[in-house]
Amino acid sequence: MDSFYIILVSIIISAILLFTTRYIINKKMKNLAGTQKLTGLITIIIIISEIAFLGSFLGLFKIALEVITSIGVGMVVLGIALQHQLKNIAAGIGVFLNPDINVGDSIKINETHGIIIEIHLTKIVALTEDGGKIIIPCQKLAEDFVIVYNKQRRSH
């Protein structure tokens, strides 16, 4: 009977953690396009963590040790495969939280000029003088030399 309560408390804690993180992400990053991907990733991580806890607590993983090892190897391979996207998402959060980069600012990167029209979780979209669109991965802003002409500072 004690294990039933431990399982119940574990599920309740995971549900609270899931809804709290979703609320925080939706509240604090509501203007950032692409936050659904981040919310989905966090949901998957919480669910997998809960399944792993319950499986180990109930002793279900003793039988499937080889499967767990395979899953671990698969996660490492997946982490390596998604390394670029994860770096891009981390850089996108940094760009979103940076008060010096806003929609309407002019940007110069690699001799290309444009005005920022959209800021997403993984990319920035800028409009060139001739009407073309530049799609800049957020990771590029973290790695390259970028000049940002802030529209508020230009007008004062």
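Before any of the text, the structure's been laid out above.
Residues numbered from 1 in each chain as written. Predicted model: local features only at pLDDT ≥ 70, side-chain atom pairs only at ≥ 80, totals over all residues. Heavy atoms only, no water.

**Student:** Looking at this structure, I do not really get the pairing of strand β4 (residues 133-137). What am I missing?
**Tutor:** Side-chain alternation along β4 places Ile134 and Ile136 on a buried face and Lys133, Ile135 and Pro137 on a face that remains uncovered. The pairing of strand β3 (residues 123-127) with β4 spans five bridges and is antiparallel. Paired with Ile124 across the strands is Ile136, a residue of β4. What sits between the antiparallel neighbours β3 and β4 is a turn of five residues, in which Gly131 has the positive phi angle 90°. (Buried < 20%, exposed > 50% of the residue type's maximum accessible area, 1.4 Å probe, protein only. Helix = DSSP H or I, 4+ residues; strand = E, 2+ residues; numbered from the N terminus. Pairing = 2+ DSSP bridges.)

**Student:** I keep staring at the environment of Asn150 and nothing clicks. Help me out?
**Tutor:** Tracing the sequence through the fold places Asn150 in the loop between β5 (146-149) and α6 (151-155). Accessibility expressed as a relative area gives 7% for Asn150, which makes it buried. Each C-alpha atom, one on Asn150 and one on Ile107, is 8.6 Å from the other, the two residues being 43 residues apart in sequence. In contact with Asn150, other than residues within four places in its own chain, are Pro99, Asp100, Asn102 and Asp105. (Contact = heavy atoms within 4.5 Å.)

**Student:** Mind showing me how you'd approach the layout of surface pockets here?
**Tutor:** Gaps between atoms show up when a probe of the same size as a water molecule is rolled over them. For the largest pocket, the calculated volume is near 340 Å³. Around the largest pocket, the lining comprises 13 residues; the ones closest to its centre are Leu41, Ile45, Leu78, Leu82 and Leu86. Elements with a contribution of two residues or more to the lining of the largest pocket: α2 (35-57), α3 (65-81) and α4 (83-97). With six residues, α2 is the largest single contributor of residues to the lining of the largest pocket. Considered class by class, the residues forming the lining of the largest pocket number nine nonpolar, three polar and one charged. Considering only enclosed or pocket space, the second largest pocket measures out at about 200 Å³ in volume. (1 Å grid on protein atoms, 1.4 Å probe; cavity = no way out; pocket = protein on both sides within 12 Å on 5 of 7 lines; lining within 4 Å. Points joined across faces, edges and corners; volume = space filled by probe spheres on them. Nonpolar A, V, L, I, M, F, W, Y, C, P; charged D, E, K, R; others polar.)

**Student:** Before we go on, may I ask you to explain the nonpolar core in this structure?
**Tutor:** A general tendency of soluble globular proteins is for nonpolar side chains to be buried together. Residues Val95, Ile101, Ile119, Ile124 and Leu141 are the most contacted members of the largest nonpolar core, which totals 19 residues. If you list the elements that add at least two residues to this core, you get α4, β1 (106-109), β2 (112-119), β3, β4 and α5 (138-143). With three residues, α4 is the largest single contributor of residues to this core. When neighbours within four sequence positions are excluded, Ile124 is seen to be in contact with Val95, Ile101, Ile116, Glu118, Ile119, Ile134, Ile135, Ile136, Cys138 and Leu141. (Core = buried A, V, L, I, M, F, W, Y, C linked by side-chain atoms within 4.5 Å.)

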